[in-house]
Amino acid sequence: QLSVMSALGVMMLDASYEYADNPEYVGYTNAFIEGAKLSLDAVKTDSFENFQSGINKMNTSCGDCHPKFRGGE
């Protein structure tokens with residue numbers, strides 16, 4: 001699931017996305033991708049602390065991005 005989340009994040013940076021040229025949006029999306037990758041790597045090394053850190057990074061990026069770029073939904 002984390003691999004899919006990371007891939008979706010990469011897809012959200014495609015030029016066809018409405019905000020793909022907005023630096024703030026790109027920052028949130030990159031943080032989402034980084035969080036997914038951090039958690040995925042943590043699963044492989046059995047590091048719950050890093051897993052949780054990655055999940056937190058993903059959640060924060062979503063929580064910060066959605067009110068600005070999805071109308072608060």
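Residues numbered from 1 in each chain as written. Predicted model: local features only at pLDDT ≥ 70, side-chain atom pairs only at ≥ 80, totals over all residues. Heavy atoms only, no water.

Details of the overall build of the protein
The cut-off we apply is this: In this description a helix means any DSSP run of H or I spanning at least four residues, a strand means any run of E spanning at least two, and both kinds are numbered starting from the N terminus. This radius of gyration counts C-alpha atoms alone. The globule rule is 2.2 Å times how many residues there are, raised to the power 0.38. When accessible area is computed with a 1.4 Å probe and restricted to protein chains, residues below 20% of their type maximum are described as buried, those above 50% as exposed, and intermediate ones as partly exposed.
When helices and strands are counted, the protein shows three helices and zero strands. For the protein, the sequential pattern of α-helices and β-strands runs α-α-α. Compactness check: the protein gives a C-alpha radius of gyration of 13 Å against a globular reference of 11 Å for 73 residues, within 12% of the reference. Principal-axis analysis of the C-alpha atoms gives the protein an extent of 35 × 20 × 20 Å. Looking at the protein as a whole, 27% of its 73 residues qualify as buried.

Details of the packing of aromatic side chains
Inclusion rule: Side-chain rings of Phe, Tyr and Trp (the six-membered ring for Trp) are treated as a pair once their centres are within 6.5 Å; stacked means planes under 30 degrees apart, edge-to-face means over 60, and tilted covers the remaining angles.
Scanning all chains against the criterion turns up five aromatic pairs. Measuring from centroid to centroid gives 6.0 Å for Tyr-19 and Tyr-25, while their planes differ by 45°, and the two rings are tilted. Relative accessible area serves as the criterion here: at 27%, Tyr-19 is assigned to the partly exposed category. Between the aromatic rings of Phe-48 and Phe-51, the centroid separation amounts to 6.3 Å while the plane-to-plane angle is 35°, which identifies the pairing as tilted.

Considering the state of the cysteines
Definition in use: Counting rule for disulfides: a pair of cysteine sulfur atoms within 2.5 Å.
In total, this model carries zero disulfides according to the counting rule given. Sulfur of Cys-62: no disulfide; nearest cysteine sulfur belongs to Cys-65 and is 7.6 Å away. With a relative accessible area of 28%, Cys-62 lands in the partly exposed category.

A look at the packing of helix H2 (residues 23–45) against helix H3 (residues 48–69)
Spelled out, the test is: All axes here are fitted lines through C-alpha atoms, helices being fitted over the stretch that makes contact, and every angle between N-to-C directions spans 0 to 180 degrees. Between 65 and 115 degrees an angle is taken as roughly perpendicular, under 35 as roughly parallel, over 145 as roughly antiparallel, and anywhere else as oblique. Take the far helix as your reference; a near helix turned counterclockwise from it by less than a right angle gives a left-handed crossing, and one turned clockwise gives a right-handed crossing. Residue type decides the class: Asp, Glu, Lys and Arg count as charged, Ala, Val, Leu, Ile, Met, Phe, Trp, Tyr, Cys and Pro as nonpolar, and the leftover types, Gly among them, as polar.
The interhelical angle for the contact between H2 and H3, taken along N-to-C directions, is 160°, at an axis separation of 7 Å. For the element pair H2 / H3, the angle class is roughly antiparallel. Considering how the two elements wind past one another, H2 and H3 form a crossing that is left-handed. Grouping the amino acids of the contact of H2 with H3 by side-chain chemistry returns 14 nonpolar, six polar and five charged.

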